[in-house]
Amino acid sequence: MKTSSAVLLFTTALLCAGAAAVASPSLQIDLAAPGKAISRDLVGVFFEDLNYAADGGLYAELIQNRSFEYTASAQADWGPFTGWKLVQNGGGVGQLGLGDYRPLHPNNPHYLMLNVLTAGEGVGVANSGFDQIPVKQGAAYEVTFWAYQAFMGAKWGGPGPRIDQATPMPVTVRLEGRDGRVLAQARLEIAGRAWTKHTVTLTPSASEPEARFVLLAHEAGGVALDMVSLFPKDTFKGRANGLRRDLAQAIADLQPKFMRFPGGCLVHGSGPRDFYNWKDSVGPLEQRRDKRNLWGYYQTHGLGYFEFFQFCEDIGAKPLPVVSAGVCCQHAGDSPGRGQEGLPLDEMPAYIQDILDLVEWANGPADSKWGAVRAAAGHPELFGLKYLGVGNEDAITPAFRERFKMIFDALKAKHPEIVVVGTSGPFHSGEDFDNGWALVRELGVPMDDEHYYVPPQWFWDNLSRYDSYGRAGAQVYVGEYAAHDQDKKRSTLRTALAEAAGLTGFERNGDVVRFASYAPLLARRGHTQWHPDLIYFDATSVYPTINYHVQRLFGCNAGDTALPAALSGTAPGQRLTCSAVRDSVSGDVIVKVVNGEDRACTIAVALAGAPAGQRRLVATVLAGADADLVNEDGQPPAVQPVTEESAVGACFERVFPANSLTILRLR
Ligand code: AHR
C-alpha cells in the first residue's frame, strides 16, 4: 500500500513539474489504476416513524385520529375523540358516543356514534388534522368515511329511535376556513344498518393554511362513523393513499439507493408482544390496526408495507425492511435500561412464520397466499425483496442470540436468496458491538448493521475505521449515523462536514461498506422528539438541513470503482480528507474533498494516467465561513451547494474553501 502511494506521489510530482505554484498539500489520483469495485448503493435513507414522520408527515392523510382508536396508552390525555370536536350549528344539539359493538373490522374496534337531538343547522364533528389542515384553492381533496344509521335511544338521552329506516340521514361534509367560511362542501346520505363507504371530492374555492374538516348531520337521529379521511389527490406520483408530494420529493432528490424501514426502535417496540407487525400494515385501510408506537403516538399503518415498497419502487431504492429479532427494545416502555424481554419461545414459530410470510408477500407469485394480498393491492409483479434486517441495536443477550439464530436459520433454509442484516448494538464499539459482530461471524450472517451518533471530531478521528475491516466476512451497513454537536439540537455545517468526512471513508471502503444511512430522516416541527434530523417540515413547508445537502451530494455522485487517491503534505490532525470514484455509467471520475478547517486550503491536484489535454470539470461546493452556520427554517439558506463549470488539465491547483465539501466531477 505504502509503496504504491509513494510511486504514485513520485510519478505525479514528475507529472506536475512546472505547475505554477508548489502547493501543499497535494492530491494525486491514479486514473490508470483498475481501482476496486465498490457498492453503487452506498447512500440510502432510513425511515422511522418518530417525530411524526409517517402520520402527520410523509403519509398524506390530513385527518388526525381518523378511526377513533387513540387511547391514553400513548398520551395520558388522549382518547377516542382526540382531534375531534362536537359541532352544534344554529340551535343544533347533539352528543358524541363511542361505539365498539358493531366494528367495521376486528382490527378497527372503535367508532364514533353521533347522536343528534335537535338538528338545528347541523350537528356533527370537526377535525383540524395534525395542528392544522392546509388546503389549496382548486386542488382536489377526497373525503371518504364509513357509516351506518344508528338508532340512538333513551340510553343515549336521545330523542328515541329514528324508526323510519327508509329515510336516510342527510349529511354535509365541508372544508371551513379559520373564519368559518365554507371553502367547499358536498351533501350525502347515510342509509341502512350496514357499514357503507362514502366517497366525495371537495375542491376549495380559496387556499387556507388552517382549514378544518366538518361533517354535519341534518336531522335528529344517529349515525355511526369510522375511517373518516381527507386525502389530497395531489400525492407523490399521484398514488392513491399516497405520500405528501413535497416531502416524498425531498427524499427522492437524495437519490437514495435503498430505504430501511419502518425503524429503528419502533420495530422492536415496548414489550415482547409490541413488535411492529407488518401484517397490520397491509390490505384494505379499514382493516389495518392503529397502534400506539414506541415513540408515544399513534400510527395508523396507512403508510404500511405496501406503501413503503411502492415508494421504494417509485424512487429506485432497494427496500430494506427490518423486523424484530424476537426481543423488545432494552430501553423501551417501563424497562430499566437493559430490560430486554424475549418473546416466549413457544410463540417464536408463529413469529418466524410471519417473517417468512413477509418474504412471500414481497416476492411470492400472485397466486401464493401472501403474494395474493400484494396483488390484490394492485401489485401483481414481485417487489424483489433482497435485504432483510433482523434486530435493531439490541443488547446481545442469550435471549437475543437464541431468537436471532432461530430466525436466521429459518430464513436461510427457506429463503437463502435473502441477505440478512444483523445488528451490533447502539454504539460504534463496546460490549454489544463486539458481541453483535461475534455473533454475525459465528453464524455467517452476510451483513451487519452499525449505529453511531457521535461528536463531529469522532468522524475525523476515525477516517480509516473501515480500512482494516476484513473483506472476507460480513459486509457493513452503517444503518444509523449522525454527528451531534455540543448543542445537539442543531444541524450545523460542522456536523454536516463531519458526516461528509465519514462518507469519504465509507466510499473509500465501499468494497466492505455496502450501505449507509443518516438518522433520523424526518421531523415535524412541534413534534420533534429527537435532534438533529435530516429534514424538518411543518404542515406546509420542508426545511432541508445542511446535512441534507451532504447526503444529496453523495447520493447524486455515486460511483462503482474506488480509485487510489493520495493526499499528502497535510499537517498532523488537519481536517482534510477525500475520496475518488469512477462511475462506469457516465464514465465520470468524481472526487470529493472535505475541508473541515476554518481556513481555505490550496491543493495541487494531479490526475495520473489521464490523457493529455483539457477535460471538463463540474465543481459543486458546499461551504460557509463559519462552521456553526445552520440553515434556519423559512430563511434563505445560509449554506447551499453552488455549481460551476470549467476545464482543467491533468495537473491543476484548486482552492478548497474553509469549511467545505467539494465535489469535482471530471468528464
Ligand atoms: O434514529 C433514532 C433512534 O436511534 C432509532 O430508533 C434507534 O435505532 C436509535 O437508537
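Computed from a predicted model, the values in this text were never measured in an experiment.

Turning to the overall build of the protein chain, a few remarks are in order. When its secondary structure is counted, the protein chain shows 11 helices and 35 strands. Taken over C-alpha atoms, the radius of gyration comes to 28 Å for the protein chain, in line with the 26 Å a tight globule of 667 residues would show. Considering only C-alpha atoms, the protein chain reaches an extent of 100 × 55 × 45 Å along its principal axes. For the protein chain, the residues scored as buried account for 60% of the 667 residues in total. Looking at the protein chain as shown, the accessible area adds up to about 24800 Å², and 53% of this sits on carbon and sulfur atoms.

Our next topic: helix α2 (residues 245-252). Regarding α2, the residues found buried are Leu 247, Ala 248, Ala 250, Ile 251 and Ala 252. The secondary structure elements touched by the buried residues of α2 are β3 (45-46), α4 (305-315), β24 (522-524), β25 (535-537), β26 (542-544) and α11 (546-555).

To continue, consider the pattern of salt bridges. When charged atoms on two side chains of opposite charge get close, those side chains can pair. Under the counting rule described, the total for this entry stands at 40 salt bridges. Arg 514 serves as the salt-bridge partner of Asp 41, at 2.9 Å between the closest nitrogen and oxygen. Here Asp 41 is found in the loop between β2 (36-37) and β3, whereas its partner Arg 514 is found in strand β23 (residues 513-518), with 473 residues between them in sequence. We classify Arg 514 as buried; its relative accessible area is 16%.

Turning our attention to the packing of aromatic side chains. To describe a pair of aromatic rings, you give the distance between the ring centres and the angle between the ring planes. What the rule picks out here adds up to 43 aromatic pairs. Note on Phe 309 and Phe 383: the rings are 5.0 Å apart at their centroids and 45° apart in plane angle, and the pair reads as tilted. Of the two residues, Phe 309 sits in helix α4 while Phe 383 sits in the loop between α6 (369-376) and β19 (387-390), which places them 74 residues apart along the sequence. Neither Phe 309 nor Phe 383 differs from the other in exposure class; each is buried. Joined through ring pairs, the aromatic side chains of Phe 47, Phe 261, Tyr 276, Trp 278, Tyr 305, Phe 306, Phe 308, Phe 309, Trp 361, Trp 370 and Phe 383 make up one cluster. Sitting over the ring of Tyr 536, Arg 525 keeps its end group 3.9 Å from the ring centre.

The next subject is the site of the ligand. Taken together, the neighbourhood of the ligand is formed by Phe 46, Glu 48, Gly 264, Cys 265, Trp 295, Asn 392, Glu 393, Tyr 453, Glu 480, Ala 519, Pro 520 and Trp 530. Measuring from an oxygen atom of the ligand, one finds a side-chain N or O atom of Glu 393 at 2.5 Å. Within the complex, the protein chains bury 95% of what would otherwise be the 280 Å² of accessible surface of the ligand.

Before going further, it helps to examine helix α8 (residues 431-443). With 13 residues, α8 extends 18 Å between its outermost C-alpha atoms, agreeing within 8% with the 18 Å of an ideal straight helix rising 1.5 Å per residue. Those residues of α8 not exposed but buried are Asp 432, Phe 433, Gly 436, Trp 437, Leu 439, Val 440 and Leu 443. Along the axis of α8, the buried residues cluster in a sector spanning 160°; they form a single face. In α8, the exposed residues that point more than 90 degrees away from the buried face are Glu 431, Arg 441 and Glu 442. For α8, the elements touching its buried residues are α7 (398-414), β20 (419-423), β21 (447-454) and β22 (475-483). Residue Gly 444 follows α8 closely and has a positive phi angle near 75°.

One finds Phe 47, Tyr 305, Trp 361, Phe 404, Phe 506, Leu 522 and Leu 661 to be the most contacted residues of the largest nonpolar core, which totals 126 residues. Of all the elements, helix α5 (residues 348-363) adds the most residues to this core, at 9 residues. For Leu 522, the residues in contact, after removing those within four places along its chain, are Phe 47, Leu 50, Asn 51, Ala 53, Leu 58, Leu 247, Ile 251, Asp 533, Ile 535 and Phe 537.

Mean pLDDT over the protein chain works out to 94, with 94% of the residues at or above the 70 mark. Within the model, pLDDT remains below 50 along residues 17-23, and this stretch shows 5 contacts once partners closer than five positions in the same chain are excluded.

Ordered by their spatial adjacency, 4 strands build an open sheet running β28-β1-β31-β34, and the pairing between neighbours is mixed. Pairing within the sheet leaves two strands with one partner each, and these edge strands are β28 (565-568) and β34 (651-656). Taken over all neighbouring pairs, the strand axes of this sheet differ in orientation by 20° on average, direction set aside. Bridge count for strand β1 (residues 26-30) against strand β31 (residues 601-608) is 5 bridges, and the pairing is parallel. Following the sheet pairing, Ile 29 is matched in β31 by Leu 607.

How each quantity is defined
Residues numbered from 1 in each chain as written. Predicted model: local features only at pLDDT ≥ 70, side-chain atom pairs only at ≥ 80, totals over all residues. Heavy atoms only, no water. Helix = DSSP H or I, 4+ residues; strand = E, 2+ residues; numbered from the N terminus. Rg over C-alpha atoms; globule rule 2.2 N^0.38 Å. Buried < 20%, exposed > 50% of the residue type's maximum accessible area, 1.4 Å probe, protein only. Areas by Shrake-Rupley, 256 points an atom, 1.4 Å probe, with all protein chains shown as cover. Contact = heavy atoms within 4.5 Å. Salt bridge = Lys/Arg side-chain N within 4 Å of Asp/Glu carboxyl O. Phe/Tyr/Trp six-rings, centres within 6.5 Å; stacked < 30°, edge-to-face > 60°. Lys NZ or Arg CZ within 6 Å of the ring centre and 35° of its normal. Near = heavy atom within 4 Å. Polar contact = N/O pair within 3.5 Å; in protein donor to acceptor, adjacent residues only side chain to side chain. Expected span 1.5 Å × (residues − 1). Arc of directions from axis to C-beta. Core = buried A, V, L, I, M, F, W, Y, C linked by side-chain atoms within 4.5 Å. pLDDT = per-residue confidence, 0-100. Pairing = 2+ DSSP bridges. Axes fitted to C-alpha atoms, helices over the stretch in contact; angles between N-to-C directions.

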